[in-house]
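Remarks on the overall topology
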Amino acid sequence: MNFALSIIALTLVVALICFYPLLRSVKAKEDKKRDELNKALYFSRLKEIEQDNQQGLVENVEQLKQELQKTLLEDIPQQETQTIDKNTKNYGKLWFVSGLLGLAIIAGGAYFPLGSWKAEDMMEKTLAKLPYFFERIKEEDTNPMTDAEMQQFSTALRLDLQKTPKDAKKWWLLGQVGMNLGNGKLAFDSYQQANKLEPDNLDYKLSYARMLMSSEDQTDKLKGNQLLRGIIRQDHSNPEALSLLAFSYFEGEDYKMAAVTWAMMLRLLEPDDPRVPMLEKSIRAARDALALQEEEKAKSVTSEK
């Protein structure tokens, strides 16, 4: 509504600038100039008659003055001038209204097919569907959202966060949506904002740490490692934090700490947990890598002797 009012106001301003001269009576100015010229001629001719009279060149001076006055009055058709002025003003107003309507039609015709009102209307409808997406996400395990629904959900969340930028949960949820869409930057920025707003929330901290650990920047990896250690200090049995930390050790060739960390995870799981075989395999891989590493160190020391 505000945008429509702005368009109308702008159209009126443009119309006044473009068509205002039509509202003015140019004829009146021309008649005024002619009246002034006639008066000047009248007084000039009157002065000449008086000079001729003083020199005795004319007779019947009063009659000449009366004829001169009559000529002046006949040259000022007042009633006709007023009629012309009135007609001119009426035509000017008519052209002004016509121009205003034409400008409004052109502006409206250009805006409706090309303007942003369709996009704005679509975004408002998407935002209105946010409660539906909150209910829909509860069925994600049994009935996953399509990519199109995820895109709409992402757009609705971002529109809502413009109004509620301090809502950490929605930032974290936007990061989850970004992960599902394969949009790493969206996920990283959203998790970072959620962790910033609620730094003591372990879920937000873990999600942010996971993104940092997957970065190629060593500074990010170091920061992620510190976050994981902080999570484990708060929750010694957090399997996801332990898993990420173990992979971090393994990637950094600290195979001993990797094996120890995976062993801690293994003790926390039930014997029938499906993750047990994978953890046992990871522990064996870390121990084998450690044995090979120690063997290479021993060979290096022997060759130096």
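That block above? That's the structure.
Reading the values: rules and limits
Residues numbered from 1 in each chain as written. Predicted model: local features only at pLDDT ≥ 70, side-chain atom pairs only at ≥ 80, totals over all residues. Heavy atoms only, no water. Helix = DSSP H or I, 4+ residues; strand = E, 2+ residues; numbered from the N terminus. Buried < 20%, exposed > 50% of the residue type's maximum accessible area, 1.4 Å probe, protein only. Contact = heavy atoms within 4.5 Å. Axes fitted to C-alpha atoms, helices over the stretch in contact; angles between N-to-C directions. Left-handed = near helix turned anticlockwise from the far one by under 90°. Nonpolar A, V, L, I, M, F, W, Y, C, P; charged D, E, K, R; others polar. Core = buried A, V, L, I, M, F, W, Y, C linked by side-chain atoms within 4.5 Å. Parallel < 35°, antiparallel > 145°, perpendicular 65-115°, else oblique.

**What to know about the overall build of the protein chain**
- The secondary structure content of the protein chain amounts to 14 helices and 0 strands.
- Ordering the α and β elements of the protein chain from the N terminus gives α-α-α-α-α-α-α-α-α-α-α-α-α-α.
- For the protein chain, with 305 residues in total, the buried portion stands at 29%.
- The contacts of the protein chain with a sequence gap of at least 6 include a subset with a gap of at least 24, amounting to 47%.

**Some words on the packing of helix H8 (residues 168-181) against helix H10 (residues 202-213)**
- Between H8 and H10, whose axes approach to 11 Å, the crossing angle comes to 35°. Where H8 crosses over H10, the two elements pack in a sense that is left-handed. Within the contact between the two elements, H8 uses Ala 168, Lys 169, Trp 172, Gln 176 and Met 179 and H10 uses Asp 203, Tyr 204, Ser 207 and Met 211.
- Among the residues making up the contact of H8 with H10, the classes are represented as 5 nonpolar, 2 polar and 2 charged.

**Regarding the nonpolar core**
- Membership of the largest hydrophobic core comes to 28 residues, with the highest contact counts inside it found for Leu 206, Leu 228, Ala 241 and Trp 262.
- Those elements giving two or more residues to this core turn out to be helix H9 (184-197), H10, helix H11 (218-234), helix H12 (239-251), helix H13 (255-268) and helix H14 (276-304).
- Excluding residues within four positions of it along the chain, Trp 262 makes contact with Ser 243, Ala 246, Phe 247, Phe 250, Leu 279, Ser 282, Ile 283 and Ala 286.
- Counting 16 residues, the second largest nonpolar core, distinct from the first, contains Met 150, Leu 157, Leu 174 and Val 177.

**Comments concerning the side chain of Ser 190**
- Structurally, Ser 190 is set in helix H9.
- For Ser 190, a relative accessible area of 1% gives the class buried.
- For Ser 190, the residues in contact, after removing those within four places along its chain, are Trp 171, Trp 172, Leu 174 and Gly 175.

**Details of the packing of H12 against H13**
- At a minimum axis separation of 7 Å, H12 and H13 run at an interaxial angle of 160°. It follows from the interaxial angle that H12 and H13 lie roughly antiparallel. The handedness of the crossing between H12 and H13 is left-handed. Residues Pro 239, Leu 242, Ser 243, Ala 246, Phe 247, Tyr 249 and Phe 250 of H12 form the contact with H13, whose participating residues are Tyr 255, Met 257, Ala 258, Thr 261, Trp 262, Met 264, Met 265 and Leu 268.
- Among the residues making up the contact of H12 with H13, the classes are represented as 13 nonpolar, 2 polar and no charged.

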